[in-house]
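This is what each chain is made of:
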Amino acid sequence: MMTSAKKIYIQEVAPRDGLQNEAQFVQTDDKAAFIDALSLCGFAKIEATSFTSPKAIPALKDAEEVMKRIKRQPGVEYTVLVPNLRGAERALYCGIDEANLVMSASETHNMTNLRMRRQDSVLQLSEVIKVFAGSRVAINLSLSTAFGCPMEGQVEKNTLLRLIETFAQKEVRGITLCDTTGMAYPSQVEEICRLVRSHFPQLQFTLHFHDTRGMALANTLAALSAGIDRFDASLGGLGGCPYAPGASGNVSTEDMVHMLHLMGYRTGVDLDAIIGVAKTLPALIGHHIRSSVTRAGKTDDLHPVPQSFEQGLVNKCHAIQEAP
C-alpha cells in the first residue's frame, strides 16, 4: 500500500472507555497521573472520564476530582462522556473542551444500555445540548452499534443517516461511529464511511473500533481509504462495553499508531512514549494488557545475533582452518 503524509488524529479513550470496565478501582491520583502522562504523548484528544451515575459506573465515580487534578497541555482536547442532563450539569463546571454524548443506532441495544427507546434518547440529548449552549464546549455524538448489533444484526444505513441528520441539525461538531462489539468488516466500513461523509461533509467523523474478532486494524485501513482521519484507540487495548454480549477491548493505541507510522502517516503521537506508558498499565489495573507492539516491540526494533549462533560460526571457521 502506498505511503502518505496525511495527518491522522488519534484520540485516546483508555482513561474512560478503558478504566470503566476494570474490576480493580484505580485511585483518583493514579487516574490523574495516567492522564497527565498521556497528555505529553501528542494525542489530539483524550477522553478523560464519564459523568455517569456513580452507581452505574463506580469505576469513574471520581469524575469531578479527576478533572480538577489533571495538568492540561496546550493543543490537547479533553473530552468527557455526558449521558444525561445531570451529567451535563456536573461536567459544565469542570472546564471540559468537549461533551461526548452517546446513544445506540440499534433500538434493542439502546434499551439494554440506556433503558430507553431511541426517540427518547434523542429528546434527552437535545436537552443536554441546550445545557452547553453559549459555552465554548463542543458537542460530539457517539453512535453505538453503528456497524451492527449483537441482538438485532446489521443496522439499516437509512437509520444511521436519519440519526446523524437529526443531530447535524442541532449543530453538533462531530459524530463517532462505534463498532461496539466488533462486528464491522472492511468493505462495510468503507461503504458506510463514504456514505456518511458524502451526506454530511460539514461534520467531523471519528471511527471507534473494537477488536473482538481481530479486524480492528483492517477496518482502520478501510476507513482511511474512505477519507476518515480521526480514530479512537485505547492504550493496551483496554475497554469494551459492559452491556454488550461478547464485547472485548478497543483497538490498541500502540498497535494502531505503529501501523500508521510504518505506512508514512503523521499522527503527532510519540510511539516510544506511549509504549512506555502502556508498560505501566499492568501495575495500575492488576492484569496483563493485549497490545501486540508492547509485547513484541516495534518492527524496526532489531535484535542481536544469538550468542550460540555466533559461537557456532567461530567453531566452524576454526574447524575449516585446522583441516588438513
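Check the entry above for the structure.
Each value, and the rule that gives it
- Residues numbered from 1 in each chain as written.
- Predicted model: local features only at pLDDT ≥ 70, side-chain atom pairs only at ≥ 80, totals over all residues.
- Heavy atoms only, no water.
- Helix = DSSP H or I, 4+ residues; strand = E, 2+ residues; numbered from the N terminus.
- Buried < 20%, exposed > 50% of the residue type's maximum accessible area, 1.4 Å probe, protein only.
- Contact = heavy atoms within 4.5 Å.
- Areas by Shrake-Rupley, 256 points an atom, 1.4 Å probe, with all protein chains shown as cover.
- Phe/Tyr/Trp six-rings, centres within 6.5 Å; stacked < 30°, edge-to-face > 60°.
- Lys NZ or Arg CZ within 6 Å of the ring centre and 35° of its normal.
- Pairing = 2+ DSSP bridges.
- Axes fitted to C-alpha atoms, helices over the stretch in contact; angles between N-to-C directions.
- Salt bridge = Lys/Arg side-chain N within 4 Å of Asp/Glu carboxyl O.
- Right-handed = clockwise from strand over helix to strand, strands pointing away.

Visitor: I would appreciate a short explanation of the overall build of the protein in the present structure.
Guide: Counting its regular elements, the protein contains 14 helices and eight strands. Taken over the C-alpha atoms alone, the protein extends approximately 95 × 45 × 35 Å along its principal axes. The 324 residues of the protein split such that 53% are buried. By sequence separation, contacts in the protein at least 24 residues apart represent 75% of the contacts at least 6 residues apart. Carbon and sulfur atoms make up 53% of the accessible area of the protein, which amounts to about 14700 Å² in all.

Visitor: Which parts of the structure should I look at to understand the packing of aromatic side chains?
Guide: Here the distance between the centres and the angle between the planes together describe a pair of aromatic rings. The tally for this structure, following the rule as stated, stands at one aromatic pair. Seen in terms of ring centroids, Phe147 and Phe209 are 6.2 Å apart; in terms of plane orientation they differ by 40°. Their pairing is tilted. Taken as a pair, Phe147 in the loop between β5 (138-144) and α7 (157-168) and Phe209 in strand β7 (residues 204-209) lie far apart in primary sequence, 62 residues in all. An identical accessibility class is assigned to Phe147 and Phe209; each is buried. Across from the ring centre of Tyr9, 5.4 Å away, lies the NZ or CZ of Lys7, which sits over that ring. Just above the ring of Tyr78 sits the side chain of Arg72; from NZ or CZ to the centre is 5.8 Å.

Visitor: Any chance you could explain the sheet that holds strand β3 (residues 77-81) here in plain terms?
Guide: Within a sheet, adjacent strands bond to each other through the backbone by hydrogen bonds, running parallel or antiparallel. Spatially, the eight strands close up into a barrel ordered β1-β2-β3-β4-β5-β6-β7-β8, and their pairing is parallel. Averaged over all pairs of adjacent strands, the angle between strand axes in this sheet comes to 25°, irrespective of strand direction. Here strand β2 (residues 45-50) runs beside β3; their pairing, made up of five bridges, is parallel. Residue Lys45 lies in a different strand from β3, and its bridge partner there is Glu77. The strands that helix α9 (residues 216-225) touches are β6 (174-179), β7 and β8 (230-233); relative to β7, the one it contacts most, it runs at about 165°. Contacting β1 (9-12) and β8, helix α10 (residues 253-262) runs over the sheet at an angle of about 170° to β1.

Visitor: Is there a simple way to think about the pattern of salt bridges in this case?
Guide: Where charged atoms from two side chains of opposite charge approach closely, those side chains can pair. This model, assessed by the stated rule, comprises 17 salt bridges. In this structure, Arg16 engages Asp17 in a salt bridge whose closest nitrogen and oxygen atoms are separated by 3.9 Å. As far as burial versus exposure is concerned, Arg16 and Asp17 are alike and both buried. Where Asp272 meets Lys298, a salt bridge forms, and the shortest distance between an N and an O atom there is 2.6 Å. With Asp272 in helix α11 (residues 271-278) and Lys298 in the loop between α13 (292-296) and α14 (307-322), the pair connects residues that are 26 residues apart, well separated along the chain. The structure contains a network of salt bridges with shared partners spanning Asp29, Glu65, Lys68 and Arg69.

Visitor: Would you take a moment to explain the pairing of β7 for this structure?
Guide: On any regular strand, side chains alternate: one points to one face of the sheet, the next to the other face. Across the six residues of β7, six count as buried, placing the element largely inside the fold. Both faces of β7 are covered, namely the face carrying Gln204, Thr206 and His208 and the face carrying Phe205, Leu207 and Phe209. This β-α-β element, β6 to helix α8 (residues 186-199) to β7, shows right-handed connectivity. In this structure, β7 lies alongside β8, joined through two bridges in parallel fashion. When the bridges of β8 are listed, His208 appears paired with Asp232. A crossover links β7 with its parallel partner β8, the connecting element being α9, and its sense is right-handed.

The analysis is restricted to geometry; functional conclusions fall outside its scope.
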